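These are the residues of each chain, in order.
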Amino acid sequence: QLVESGGGLVQAGDSLRLSCAASRHTFSVYTMCWFRQAPGKEREFVAGISWNEADTYYSDSVKGRFTISRDNPNDSVYLQMNNLKPEDTAVYYCAATLKYGTTFRGDFRPWGQGTQVTVSS
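The model shown is predicted, which means the values in this text are computed figures rather than measured ones.

A few points about the sheet that holds strand β10 (residues 115-120)
And step 1. Ordered by their spatial adjacency, six strands build an open sheet running β2-β10-β9-β4-β5-β6, and the pairing between neighbours is mixed. Taken across any chain shown, the strands that pair with only one partner, and hence form the sheet edges, are β2 (8-11) and β6 (56-58). Ignoring which end each strand starts from, the neighbouring axes of this sheet average 25 degrees apart.
And step 2. Relative to β10, β2 runs parallel, the two sharing four bridges. Opposite Val-10, over in β10, you have Val-119 as the bridge partner.

Quick look at the state of the cysteines
And step 1. Evaluated as defined, the whole model comprises one disulfide.
And step 2. Through a disulfide, Cys-20 is tied to Cys-94; the S-S separation comes to 1.9 Å. Judged by the sign of its S-S torsion, about 55 degrees, the cystine formed by Cys-20 and Cys-94 is right-handed. Of this pair, Cys-20 sits in strand β3 (residues 16-22) while Cys-94 is found in strand β9 (residues 90-97), placing the two residues 74 residues apart along the sequence.
And step 3. Assessed through its relative accessible area of 0%, Cys-94 is described here as buried.
And step 4. Here Cys-33 is not cross-linked by a disulfide; its sulfur's nearest cysteine counterpart is in Cys-94, at 10.0 Å.

Digging into the pattern of salt bridges
And step 1. In this structure the tally under the stated criterion is five salt bridges.
And step 2. One salt bridge in this structure joins Glu-44 and Arg-36, with 2.7 Å as the shortest N-O distance.
And step 3. The salt bridge involving Asp-60 is made with Lys-63; its shortest N-O contact spans 3.3 Å.
And step 4. The network of salt bridges with shared partners includes Arg-36, Glu-44, Arg-65 and Asp-88.

Description of the sheet that holds strand β1 (residues 2-5)
And step 1. Taken in spatial order, the four strands make up an open sheet running β1-β3-β8-β7, and their pairing is antiparallel. Every interior strand has two partners, whereas the edge strands, β1 and β7 (66-71), have only one. The average undirected angle you get between the axes of adjacent strands in this sheet is 15 degrees.
And step 2. Bridge count for β7 against strand β8 (residues 76-81) is six bridges, and the pairing is antiparallel. In the strand pairing of β8, Ser-69 is matched with Tyr-78.

Criteria and cut-off values
Residues numbered from 1 in each chain as written. Predicted model: local features only at pLDDT ≥ 70, side-chain atom pairs only at ≥ 80, totals over all residues. Heavy atoms only, no water. Pairing = 2+ DSSP bridges. Helix = DSSP H or I, 4+ residues; strand = E, 2+ residues; numbered from the N terminus. Axes fitted to C-alpha atoms, helices over the stretch in contact; angles between N-to-C directions. Disulfide = S-S within 2.5 Å. Buried < 20%, exposed > 50% of the residue type's maximum accessible area, 1.4 Å probe, protein only. Salt bridge = Lys/Arg side-chain N within 4 Å of Asp/Glu carboxyl O.

By themselves, these are just geometric observations and shouldn't be taken as functional.
Below, the structure is given as structure tokens:
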């Protein structure tokens, strides 16, 4: 099970740090990713990190602004979001997969319940 937190209402240019806590002892073997879903749009990939923190990958829309990290001893993954833009407004989800590099939603299980991020202009 995954539980996200850290969302909120911020202004454009502000920063937020999202957290995702896992409740499974096998957390460290999974690639962890963040997705987001804006109203009326499909859920899209945002960022991913390998099980050993050695590799990360990002969507073009957030590259250079967002940073994904993880803390395996504490079964947590984070998303540091800087220079937020109104188009970053969405519900953010964390998810786990055994397939590093994938962005296909069907490869991910489980999913968290999401945390809302709203960026005002």
